[in-house]
Amino acid sequence: MRRRTAPEGFDPAAVRPWNARIDGLGYGGDYNPEQWPDEVQVEDVRLMDEAGVNLVSVAIFSWATIEPVEGELDWAWLDRTMDRLHDGGVRVALATATASPPPWLTRRHPEILPRLADGTVLHQGGRQAYAPTHPVYRDYALTMAARMAERYGDHPALALWHVDNEIGCHVPRDYSDAAAAAFREWLRARYGTLEALNEAWGTAFWSQRYGSFDDVLPPLAAPTYANPTQQLDFDRFSSDALRDYYRDLRDTLREITPHVPTTTNLMASTGTKGMDYFSWAADLDVVANDHYTIAADDERHVELAFSADLTRGIAGGDPWILMEHSTSAVNWQPRNRPKAPGEMLRNSLSHVARGADSVMFFQWRQSAAGAEKFHSAMVPHGGTDTDVWRDVVTLGRALRALGEVRGSRVRSRAALVFDYEAWWASELDSHPTQAFRYTDQVRAWYGALWKLGVTVDVVHPGGDLAGYDLVVVPTLYLVTDADAANLAAAADRGATVLVTYFSGIVDERDHVRLGGYPGAFRDMLGVRTEEFATLQEGETVRVVGGPLPEGAVADLWTEKTHVAEGTDVVAVYDDGVLAGWPAVTRRGTDGGGAAWYTGARLDEAATTALARAVATEAGVLPEDEPAVGLELVRRHADDGRSWLFAINHGPAEAAVRATGAELLTGEDVDGTLTVPGGAVRVVREG
Ligand code: GLA
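Everything quoted here is computed from the prediction, not taken from an experiment. (Residues numbered from 1 in each chain as written. Predicted model: local features only at pLDDT ≥ 70, side-chain atom pairs only at ≥ 80, totals over all residues. Heavy atoms only, no water.)

J.: Explain the overall build of the protein to me, please; I cannot follow it from the model alone.
T.: In terms of regular secondary structure, the protein is built from 16 helices and 26 strands. For 686 residues, the compact-globule estimate of 2.2 N^0.38 gives 26 Å, and the protein sits close to it at 26 Å. Evaluated residue by residue, the protein yields a buried proportion of 59% over its 686 residues. Look at the contacts in the protein between residues 6 or more apart in sequence, and 72% of them connect residues 24 or more apart. Counting every atom, the protein has about 26,100 Å² of accessible surface; 48% of that belongs to carbon and sulfur. Each charge class in the protein can be summarised by its mean position, and for the 63 positive and 99 negative side chains these summaries are 2 Å apart. (Helix = DSSP H or I, 4+ residues; strand = E, 2+ residues; numbered from the N terminus. Rg over C-alpha atoms; globule rule 2.2 N^0.38 Å. Buried < 20%, exposed > 50% of the residue type's maximum accessible area, 1.4 Å probe, protein only. Contact = heavy atoms within 4.5 Å. Areas by Shrake-Rupley, 256 points an atom, 1.4 Å probe, with all protein chains shown as cover. Lys, Arg positive; Asp, Glu negative; His and termini not counted. Charge placed at Lys NZ, Arg CZ, Asp CG, Glu CD.)

See below:
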């Protein structure tokens, strides 16, 4: 296998910014000219100009068009596209064209196809039919990337490299023989000895002890639960293997074009579990994300905000690229939904408010053929006499008016802790309940803070918590000693930290921390849970006390929790087997901070009330609670300027205190900003 390392003498400081060749904010989408005749492509560039498009992603799925037969390369159409876009003032995020191998490759080398845990081979005919670890596939992919870099590295339209596409989207876990071999290599590197692996995996259980690394397999379909640590390590390995694939492609590009920035489009949201993007971030010159709202979710704008905040967290607070979202309906949900009037603008500007310096879509022109023909686009089937097109033009105008926010950052004093490893481990099988979903708990706390108008950074448990007065830790089942100490240190130096049920339970090997739950957080919280009491579907338990509203209940999860001396009981269970036992506790720290715990999954009203209590204690609650549905976020520039984004998701007019120049309407705002129902306003303050 060809493996690349960063070229000798590579200087990260010499990589030009991804937006060096565009003014203001990026605007555009995936552009697939190979699906269209030449005259349509000519019209495309004219319409891009009309809409204000300045950046498009090209050649993502072009391998089979460039190389329809092995070794026979047709560059003419892509040369024309690059030149035409450049002449039209449009810059290109050029792909490596590796997102889907051409049919001849998988026919000639069927061994590169990926496999499911039950051995099912995933064939060509859709997309992404490759095993990222297979040396033969890797070799072909690197060759393709190198060809792109050699041909277009100096093209003036080139803004950045777009490596592959949504790596791991369809095949986050590959169980092929190539993956098994790479997994063993990964395990040797992690554990060094077989003894260490046996210890970490707890193989004394169920006759699982390994006598040779060769006997170790991925967690294939088995008669019953596979070893949990084997499953967890396979999750880690799979994320690393996909990142390694990205790195090899990136380093191939870097060798040829060391000054061109490189990224790949992540899928950070509550829906993508496969990749630990916090561990990917350092490998991207700029973080790029794709996000799609879920039609069945009535609060999809809140999930969108979470995704944007998570993306910013992955980017370490830096501005990022929204590489894809949709102008209207998608085609891949059970029931799809067109966007409501104004929703596309609200979605786009919510991403910008939360740090995106570019707004892009899948895709520019809606396909006439293929599996995505019913997926919306910037130019719909109906052409330009459509609301979608008019909205696209309006959005282009809005982004031009907002160009000055480029490079500015969101500042927050509240953090929500999020961790992929904890997600993987907490949803493993053979747990106290199978109904637990990590992102439900994350969403519940994020949503409560969103509604209170508290802007949060979504951070890794090992992240720098120095600037935060409030740290919310939704169910962090797995935590390392170091990360637990990091969270405890935040409380010790004066922050308010809130931890929720089933946290701190296991170490990184998925071994239970003995002596009582919540293991790693027992001392920090001053509590000891002796047993979980998970509830049946529909079963609830009343919870009373402290800030909780009348009628508050817990469902799914409760715990039999003792408090240590110095820990206050804030609320207790009011009925059921745990009647009278603590449900919410608080322990003050010497540093003036506090460590709160709830061993219960609280209902929405109780979650909001508790969120309000801790946000108030931490001093991060805004002076005025925003009107229902009003999203308020600020971006700040280093020179002291700030912009208030006010996005009204509700139907009724809403008001907020603000003074300055409104950039979308050009109006002066003097004290009160009025935002009509469904509208967006952005005020340059001061
Ligand atoms: C992903 C892919 C695109 C397209 C969209 C459809 O984001 O990257 O190629 O399939 O989904 O929503």
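J.: Would you explain the sheet that holds strand 10 (residues 414-417) in this entry?
T.: Across a sheet, paired strands are connected by hydrogen bonds in the backbone, their directions being either parallel or antiparallel. Spatial ordering of the open sheet is given by 11-10-12-13-20-19-18-15-16-21, a layout of 10 strands whose pairing is mixed. If you trace the sheet from one side to the other, it starts and ends with strand 11 (456-459) and strand 21 (601-602), each paired once. Sheet topology note: the strand 16 (residues 553-555)/strand 21 ladder contains 2 bridges and is antiparallel. By the bridge assignment for strand 21, Ala-554 is matched with Leu-602. With respect to the sheet, helix 13 (residues 438-452) is in contact with strand 10, strand 11, strand 12 (470-473), strand 13 (496-500) and strand 21, its orientation differing from that of strand 10 by roughly 170°. Against the sheet, helix 16 (residues 604-618) touches strand 12, strand 13, strand 19 (582-588), strand 20 (594-598) and strand 21, its axis set at about 175° to strand 20. (Pairing = 2+ DSSP bridges. Axes fitted to C-alpha atoms, helices over the stretch in contact; angles between N-to-C directions.)

J.: What is the right way to look at the site of the ligand in this model?
T.: In the vicinity of the ligand, the residues found are Phe-61, Arg-127, Asn-165, Glu-166, Asp-290, Tyr-292, Glu-324, Trp-332, Phe-362, Glu-372 and His-375. At 2.5 Å, a side-chain N or O of Glu-166 approaches an oxygen atom of the ligand. A distance of 2.3 Å separates an oxygen atom of the ligand from a polar side-chain atom of Glu-372. Relative to its unbound accessible area of 310 Å², the ligand is 96% covered by the protein chains. Of the residues belonging to the shell around the ligand, the class tally is 4 nonpolar, 2 polar and 5 charged. (Near = heavy atom within 4 Å. Polar contact = N/O pair within 3.5 Å; in protein donor to acceptor, adjacent residues only side chain to side chain. Nonpolar A, V, L, I, M, F, W, Y, C, P; charged D, E, K, R; others polar.)

J.: What am I meant to see in the domain arrangement of the protein here?
T.: Accessible area lost on assembly of the parts is the figure often given for the size of an interface. Along its sequence, the protein is organised into domain 1 (17-171 + 260-404), domain 2 (414-618) and domain 3 (630-685). Here domain 2 and domain 3 have C-alpha centroids that lie 34 Å from each other. (Domains from an automatic or database assignment.)

J.: Explain the environment of Thr-585 here, please?
T.: Checked against the element boundaries, Thr-585 lands in strand 19. For Thr-585, a relative accessible area of 1% puts it in the buried group. The spatial distance from the C-alpha of Thr-585 to the C-alpha of Asp-568 is 5.5 Å, given a sequence separation of 17 residues.

J.: Help me understand the packing of helix 9 (residues 300-314) against helix 13, please; the structure alone is not making it clear to me.
T.: Each packed pair of helices is defined by two parameters, the angle between the axes and the distance between the axes. Running from amino to carboxyl end, helix 9 crosses helix 13 at an angle of 100°, the nearest separation of the two axes being 10 Å. Between helix 9 and helix 13, the angle falls in the class roughly perpendicular. Of the residues in helix 13, those in contact with His-301, Val-302, Glu-303, Ala-305, Phe-306 and Asp-309 of helix 9 are Val-442, Arg-443, Tyr-446, Gly-447 and Trp-450. The class makeup of the residues in the contact of helix 9 with helix 13 is 6 nonpolar, 2 polar and 3 charged. (Parallel < 35°, antiparallel > 145°, perpendicular 65-115°, else oblique.)

J.: Can you help me understand helix 11 (residues 387-401) in this one?
T.: Because each turn of an α-helix spans 3.6 residues, side chains separated by three or four positions in sequence point in the same direction. Counted at 1.5 Å a residue, the expected span for helix 11 with its 15 residues is 21 Å, and the 21 Å between its end C-alpha atoms agrees. Every buried residue of helix 11 is listed here: Trp-389, Val-392, Val-393, Leu-395, Gly-396, Ala-398 and Leu-399. Taken together, the buried residues of helix 11 touch strand 1 (26-31), helix 1 (38-51), helix 10 (343-353) and strand 9 (356-361). (Expected span 1.5 Å × (residues − 1).)

J.: Looking at this structure, I do not really get the nonpolar core. What am I missing?
T.: Buried together is how nonpolar side chains tend to be arranged in soluble globular proteins. Membership of the largest hydrophobic core comes to 172 residues, with the highest contact counts inside it found for Leu-78, Leu-94, Met-148, Ile-314, Phe-418 and Tyr-420. In terms of residue count, helix 5 (residues 135-152) provides more of this core than any other element does, 9 residues in total. Excluding residues within four positions of it along the chain, Phe-418 makes contact with Phe-278, Phe-306, Leu-310, Trp-423, Tyr-438, Val-442, Val-458, Val-459, His-460 and Pro-461. Listed in part, the 16 residues of the second largest apolar core include Tyr-175, Trp-186, Leu-187 and Phe-213. (Core = buried A, V, L, I, M, F, W, Y, C linked by side-chain atoms within 4.5 Å.)

J.: Is there a simple way to think about the pairing of strand 20 in this case?
T.: On a regular strand, one side chain projects to one face of the sheet and the next to the other, so that they alternate. By the criterion of burial, strand 20 is predominantly enclosed, with 5 of the 5 residues buried. Side chains of strand 20 alternate between two faces, with Ala-594, Trp-596 and Thr-598 and Ala-595 and Tyr-597 buried alike. Judged from the 5 bridges that link them, strand 13 and strand 20 form a sheet pairing that is parallel. Looking at strand 20, one finds that Val-499 is bridged to Tyr-597. Bridging between strand 19 and strand 20 involves 5 bridges; their strand directions are antiparallel. Within the sheet, the bridge partner assigned to Arg-587 lies in strand 20 and is Ala-595. Where strand 19 folds back onto strand 20 in an antiparallel hairpin, the turn is made up of 5 residues, including Gly-592, whose phi is positive at roughly 90°.

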